[in-house]
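Per-entry structural report
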Amino acid sequence: MSYDITQVSPLIDSHEINSVLKVVESGWLTEGVFTERFIDEIKIKTGSKFAVLAPNGTLGLYLALLALDLPKGGEILIPDFTFYASATSAIFAGLTPVFVDVDYSTCNISVELIEERITKKTVAIMPVHVYGQTADMDPIKKIAEKYNLRIIEDAAQAMGVTYNKMHAGCIGDIGVISFFADKTITMGEGAVILTQNEDLYRNLKLLRNQGRLNSGSFKHESLGMNFRVTDIQSALGFEQLKKLDEIIKNKLSLYEYYMSNLKDVPNLKFNKVIPESSYVPFRFFLKSEHSKKIMESLENSAVQPRGFFYPMHRQPMLKKYSTNGQVYPNSDRLYNEGVCLPIHSEIDRSKIDSISKIVSSCVLKGMS
Ligand SMILES: *Cc1c(COP(=O)(O)O)cnc(C)c1O
């Protein structure tokens, strides 16, 4: 089905096109000038001491976990409401995911539930910053200190998001921001891994580049693989990053407009943002018991619908990690009620008006 209004549309113009062309014409296609400049700009933007690129967020999480060098079979706490890659990256890194329910109002990991899931085997915690804001990091850091756990932040969706002025991904030991095609800014496929720890940075560099610190040598000091990107992707990312402030400003103004249209529709619920976190609307998120009807009506009006994450404990390959009768009522409820509405460069007020009408008429019909 082709849609008049899609969920995602990156803000691409002649800047991206010209820089990509420059790389292709230069003949130097692997990591080069743009990669160096992109990393420098990311460090300035996020305030991170160290940064390396990865081919995508999923492999970025995997690489970050390898760099942490956690004991095989160790348990890692992961929110039950997240994207599949949070859990699979941990499994591929030899860890056992232990799922924790989330807060219904923020969609992020429920801090009160973390300690009861800690065992002697727990080695790490992966807060995931979903849907435009960060998890509540101060209490998470306190728990991590108390039990000597490493913190890996899945900040895939959190470019531009801060917690008490610290950029997402820079708060724990290591963090990963994705630049996939549907994220706030994109390199097509790609991600950055952030750390403030020089030893972890060294591990990352060795692991991502064949166990050596410099390319061009055939002497390899440790085991490593190839997690490099192309300078074509970096050129895209470099130009996108220049637009980040403009993209965020636009998203926030569209968010406000959706809100003014929908705030009085009875029984609709919206995510609450914790005061410590800034907000970069990833989509416009709403929760309604009529979610299935809303998505059907959007589809019928050529607006691409999108629901919320499917809980980890319900995924066929992950069920075995949530035994012992554990329940995840908030994660289940979010999946049942969640609807994502598009917020991107192609959306304007008149489109928001028509989307809002569809939503409110579904809710009103559903109530009658
Ligand atoms: C997108 C996303 C990922 C994976 O990133 P990719 O670049 O698509 O591999 C991981 N976690 C979360 C929460 C995401 O939204």
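Summary of the structure given here. No experiment lies behind these values; they were computed from the predicted model shown.

1. Examining the pattern of salt bridges
- According to the stated counting rule, one finds 13 salt bridges in the structure shown.
- The shortest N-O distance in the salt bridge between aspartate 173 and arginine 150 comes to 3.5 Å. With a gap of 23 residues between them, aspartate 173 in the loop between strand E7 (166–167) and strand E8 (174–178) and arginine 150 in strand E5 (residues 150–154) connect regions that are remote in the sequence.
- What makes aspartate 173 partly exposed here is its relative accessible area of 24%.
- The partner of lysine 183 in a salt bridge is aspartate 182, with the nearest N and O atoms 3.7 Å apart.
- Classification of lysine 183 by relative accessible area gives buried; the value is 18%.
- The buried category is assigned to aspartate 182, whose relative accessible area is 16%.

2. A few points about the state of the cysteines
- A complete count under the given rule lists 0 disulfides for this structure.
- Cysteine cysteine 340 is unpaired, with the sulfur of cysteine 107 as its nearest cysteine sulfur at 9.1 Å.

3. Description of helix H4 (residues 84–92)
- All buried positions along H4 are accounted for by Ala85, Ser86, Ala87, Thr88, Ser89 and Ala90.
- On the buried face of H4, the contacting elements are helix H3 (57–68), strand E2 (75–79), strand E3 (96–100) and E5.
- Looking one or two places after H4, you find glycine 94, whose phi comes out positive at around 90 degrees.

4. Concerning the packing of H3 against H4
- In contact at an axis separation of 9 Å, H3 and H4 are set at 40 degrees when each is read in the N-to-C sense. As summarised for this structure, H3 and H4 are arranged oblique, according to the angle between their axes. In the packing of H3 onto H4, the handedness of the crossing is right-handed. Contacts between H3 and H4 involve Thr58, Leu61, Tyr62 and Leu65 on the former and, on the latter, Ala85, Ser86, Ser89, Ala90 and Phe92.
- Its residues assigned to classes, the contact of H3 with H4 comprises 6 nonpolar, 3 polar and no charged.

5. A look at the nonpolar core
- Ranked by internal contacts, the top residues of the largest apolar core, which has 74 residues, are Leu65, Leu262, Phe284, Leu286 and Leu341.
- Sequence-distant contacts of leucine 262, that is, excluding residues within four places in its chain, are made with Leu268, Phe270, Phe284, Leu286, Leu341, Ser356 and Val359.
- Counting 27 residues, the second-largest nonpolar core is a separate cluster that includes Met159, Ala168, Ile185 and Leu244.

6. Regarding the site of the ligand
- All residues in the neighbourhood of the ligand are listed as Asn56, Gly57, Thr58, Phe83, Val128, Asp154, Ala156, Gln157, Ser178, Phe180 and Lys183.
- Measuring from an oxygen atom of the ligand, one finds a backbone N or O atom of glycine 57 at 2.7 Å.
- The side chain of glutamine 157 places a nitrogen or oxygen atom 3.0 Å from an oxygen atom of the ligand.
- In the shell around the ligand, the residues fall into 4 nonpolar, 5 polar and 2 charged.

7. Digging into the environment of serine 361
- With respect to the helices and strands, the residue serine 361 is situated in helix H11 (residues 349–367).
- Between the alpha carbons of serine 361 and isoleucine 109 there is a distance of 33 Å; along the sequence they are 252 residues apart.

8. Things to note about unusual backbone geometry
- Even without being a glycine, tyrosine 131 presents a positive backbone phi close to 60 degrees.
- Note on tyrosine 131: relative accessible area 4%, which makes it buried.

9. Remarks on the packing of aromatic side chains
- If you walk through the whole model with that rule in mind, you get 17 aromatic pairs.
- Consider the rings of tyrosine 131 and phenylalanine 285, whose centres lie 3.9 Å apart with planes at 10 degrees: the pair is stacked. In this pair, tyrosine 131 is assigned in the loop between strand E4 (122–125) and helix H5 (137–147) and phenylalanine 285 in strand E11 (residues 284–287), connecting sequence segments 154 residues apart.
- Joined through ring pairs, the aromatic side chains of Phe81, Phe83, Tyr131, Phe285, Phe308 and Phe309 make up one cluster.
- Cation over ring: arginine 283 sits above phenylalanine 282, and NZ or CZ is 4.6 Å from the ring centre.
- Here lysine 292 stacks its cationic end above the ring of tyrosine 335, 5.3 Å away from the centre of that ring.

What counts, and where the lines are drawn
Residues numbered from 1 in each chain as written. Predicted model: local features only at pLDDT ≥ 70, side-chain atom pairs only at ≥ 80, totals over all residues. Heavy atoms only, no water. Salt bridge = Lys/Arg side-chain N within 4 Å of Asp/Glu carboxyl O. Helix = DSSP H or I, 4+ residues; strand = E, 2+ residues; numbered from the N terminus. Buried < 20%, exposed > 50% of the residue type's maximum accessible area, 1.4 Å probe, protein only. Disulfide = S-S within 2.5 Å. Contact = heavy atoms within 4.5 Å. Axes fitted to C-alpha atoms, helices over the stretch in contact; angles between N-to-C directions. Parallel < 35°, antiparallel > 145°, perpendicular 65-115°, else oblique. Left-handed = near helix turned anticlockwise from the far one by under 90°. Nonpolar A, V, L, I, M, F, W, Y, C, P; charged D, E, K, R; others polar. Core = buried A, V, L, I, M, F, W, Y, C linked by side-chain atoms within 4.5 Å. Near = heavy atom within 4 Å. Polar contact = N/O pair within 3.5 Å; in protein donor to acceptor, adjacent residues only side chain to side chain. Phe/Tyr/Trp six-rings, centres within 6.5 Å; stacked < 30°, edge-to-face > 60°. Lys NZ or Arg CZ within 6 Å of the ring centre and 35° of its normal.

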